[in-house]
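Here are the chains, one letter per residue:
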Amino acid sequence: MTVIDEKKLLERVPTGLFIGGQWRQAASGKTFEVRDPSTNAVLASVADASVDDGLAALDAAVDAAHEWATTPPRVRGELLRRAFELVVERHDEFAMLMTLEMGKPLAESDGEVTYGAEFLRWFGEEAARITGRYGVNPEGTGRTIVSQHPVGPCFLITPWNFPLAMATRKIGPALAAGCTVVVKPASLTPLTTLHFVALLHEVGLPAGVVNVVTTRSSGPVSDAIIADPRLRKLSFTGSTPVGRSLLAKAARGILRTSMELGGNAPFLVFDDADLDAAVEGAMKAKFRNIGQACTAANRFIVHASVAEEFARRVTEKVQEFTVGRGTEEGVTIGPLINQDAIEKADSLVKDAVSRGARVLVGGSAIEGEGTFYEPTVVTDVAAGSSILTEEIFGPVLSIVTFDDEDEAVRIANDTEYGLVAYAFTRDLARGQRLIERLQTGMLGLNVGVVSNAAAPFGGVKQSGLGREGGFEGIHEYLETRYTMTPDPFA
Ligand code: NAP
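As the structure is a prediction and not an experimental result, all values here were calculated from the model.

### Concerning the site of the ligand
In the vicinity of the ligand lie 29 residues, with T158, S187, S218, S239 and E391 positioned nearest. The contact in question runs from an oxygen atom of the ligand to an N or O atom on the backbone of G238, over 3.3 Å. Separating an oxygen atom of the ligand from a side-chain N or O atom of S239 is a distance of 2.6 Å. Computed on the free molecule, the ligand has an accessible area of 900 Å², of which 85% lies beneath the protein chains in the complex. Judged by the fraction of its atoms near the pocket grid, the ligand is located in the largest pocket. Taken together, the elements giving at least two residues each to the shell around the ligand come down to α6 (165-177), α8 (218-227), β10 (233-237) and α9 (240-252).

### Section: the packing of helix α4 (residues 91-102) against helix α7 (residues 191-202)
Here α4 crosses α7 at 155°, and the two axes come no closer than 9 Å. For the element pair α4 / α7, the angle class is roughly antiparallel. Listed contacts from α7 to E93, F94, L97, M98 and E101 of α4 are L191, T192, H195, F196 and L199. Broken down by class, the residue content of the contact of α4 with α7 amounts to six nonpolar, two polar and two charged.

### Comments concerning the domain arrangement of the protein
Domain boundaries in the protein define domain 1 (6-261 + 464-481) and domain 2 (265-452). Placing the centre of domain 1 and that of domain 2 at their C-alpha centroids yields a distance of 31 Å. At the junction of the two partners, domain 1 supplies 25 residues and domain 2 supplies 28 residues. Taking both partners together, domain 1 and domain 2 bury about 2,100 Å²; carbon and sulfur atoms supply 58% of that area. There are two salt bridges connecting domain 1 and domain 2. With a shortest N-O distance of 2.7 Å, R325 and D36 are connected by a salt bridge. The interface formed by domain 1 and domain 2 contains nine residue pairs in polar contact (both at pLDDT 80 or more). Only α4 and α5 (106-126) provide two or more residues apiece to the side of domain 1 that touches domain 2. At five residues, α4 tops the list of elements feeding residues into the side of domain 1 that touches domain 2.

Cut-off values and rules
- For every chain, the first residue of its written sequence is number 1, and the numbers climb from 1 along that sequence.
- Predicted model: local features are reported for residues with pLDDT of at least 70 only, side-chain atom pairs are reported and counted for 80 or more only, and whole-chain, interface and lining totals are derived from all residues.
- Heavy atoms from the whole structure form the basis of all side-chain values; hydrogens and water molecules are not counted.
- We call a residue near a given molecule or strand whenever any one of its heavy atoms falls within 4 Å of it.
- Two N or O atoms count as a polar contact when they lie within 3.5 Å, although within protein this holds only if one can serve as hydrogen donor and the other as acceptor, and sequence-adjacent residues are included solely when both atoms are side-chain atoms.
- Each accessible area is a Shrake-Rupley estimate made with a 1.4 Å probe; only the visible protein chains count as cover when residues are assessed.
- Lining residues are those with an atom within 4 Å of a point, where the points come from a 1 Å grid over the protein atoms alone and group into cavities, where a 1.4 Å probe fits but cannot get out, or pockets, open sets with protein on both sides within 12 Å along at least five of seven lines.
- Assignment of a molecule to a cavity or pocket requires that more than half of its atoms lie within 2 Å of the corresponding grid points.
- Only runs of H or I of at least four residues qualify as helices and only runs of E of at least two qualify as strands under DSSP, and these elements are numbered from the N terminus.
- In this description, a line fitted to the C-alpha atoms serves as the axis of each element, helices being fitted only across the stretch in contact, and the angle between N-to-C directions of two axes falls anywhere from 0 to 180 degrees.
- Each angle receives one of four descriptions, namely roughly parallel if under 35 degrees, roughly antiparallel if over 145, roughly perpendicular if within 65 to 115, and oblique otherwise.
- It only takes one pair of heavy atoms within 4.5 Å for two residues to be counted as in contact.
- Gly is placed with the polar residues, together with every amino acid not listed as nonpolar (Ala, Val, Leu, Ile, Met, Phe, Trp, Tyr, Cys and Pro) or charged (Asp, Glu, Lys and Arg).
- An automatic or database domain assignment supplies the start and end points of every domain.
- Once two parts are brought into contact, the accessible area they lose, counted with a 1.4 Å probe and summed over both, makes up the buried area.
- The salt bridge criterion pairs a side-chain nitrogen of Lys or Arg with a carboxyl oxygen of Asp or Glu, the two atoms within 4 Å.

Okay, structure coming up:
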């Protein structure tokens, strides 16, 4: 790993809006600060776009739409491939930038660069595989041609927790499909997106194909873009309440939408599980990204006969964590994103304890610089505790018990969310039953991480609509058109 000088890296990251292939300041000249959550130090000041800036970005995406849609798929794919190669070459820079603005330990940022870059490679390959079909209609009186076409200008809104991967998971398939885009990263972590878009410019992406607006007024700016009849698609990753309100707004223009929303993942450990594998999977599913992942295991539902042993083992592992600034060697748990996140995790733990839960380790915010929370294990969590119904989004592992499979499935499905579930069992038939019984978009069967660029990521119920990645991902950005022609022999 190359040692990256933080200051020199930050000097190279653009801080303007990227519109029509040009960097520019916000029309108002306003900026806002981006801070390091582990020290609260200001990292950079970036342009604070207004509604007019947002609409200027949409103008640029609309202007570039036809030319990009008619650019040969192979050319689109090769641009994405070059972007993939350059992200890989600058791996350490992207990792450092994410750790600075979001806080995760460098080793985890490193993993996200690999994962995020993979969407560029995967969708670069998919660009040339957009196909259709030709058929004789059943009566033999005509021919049907089914073809795929880019949806049109897209608005992509991304969250702060995976600054690179959430951007490439949308930009990759949109560009491969022939769509132009306006991207709005989270105001807490805009730097990684800005650095990535500078790279897209460098590999030769034509002006207007990707535009970026950073703003502290995400509501008004997004509302104006979504209300514009030239927009054809909204893709959002973030919380369920914001997603729900954006869906209502998108309904006015009957926009195509993709919604990657919140989760409340159950993590089932059966009495026949390989406990070593379950503990290892639990640590990944819970503590990756400091627990701030939509895929984070939120409820550990453990068979009563192994619950004590499981709790003891995960507690031992948690005691081995080193909490600190993500840039420092040996640190395994970084800060939470801000004070609100600390307060939320803390109030959920306190509520569980007030209903009889026991804290085995941790359970408090860490005083001093930055927003750190102790890695925590709580067990004997009572039904009805808020920690079982709300996304914790912090390093808190909470355990409830069950006695048989029916009860485990009932508890697992007892949520409005349905993004991902995890289950550990050695019984193959049980594993197959769980695939059919769990209400989820994704299932980690004896594994603690499900994300993969080649697989369709997404949820059911109030966790969202649509899929990102896999063969499915590009179809979120394609419209199906069908053409009827006469029987050529008639
Ligand atoms: P969030 O508050 O919903 O914000 C997500 C994005 O929406 C940010 O860019 C935010 O910008 C923007 N936003 C906020 N209010 C908006 C509004 N009224 N109109 C338009 N845009 C608005 O979520 P978050 O706290 O960043 O991310 C955490 C959530 O994302 C969790 O619930 C997590 O489960 C979910 N998530 C889901 C997936 C998935 O694939 N299913 C992946 C990652 C995260 P500003 O913050 O700058 O206002």
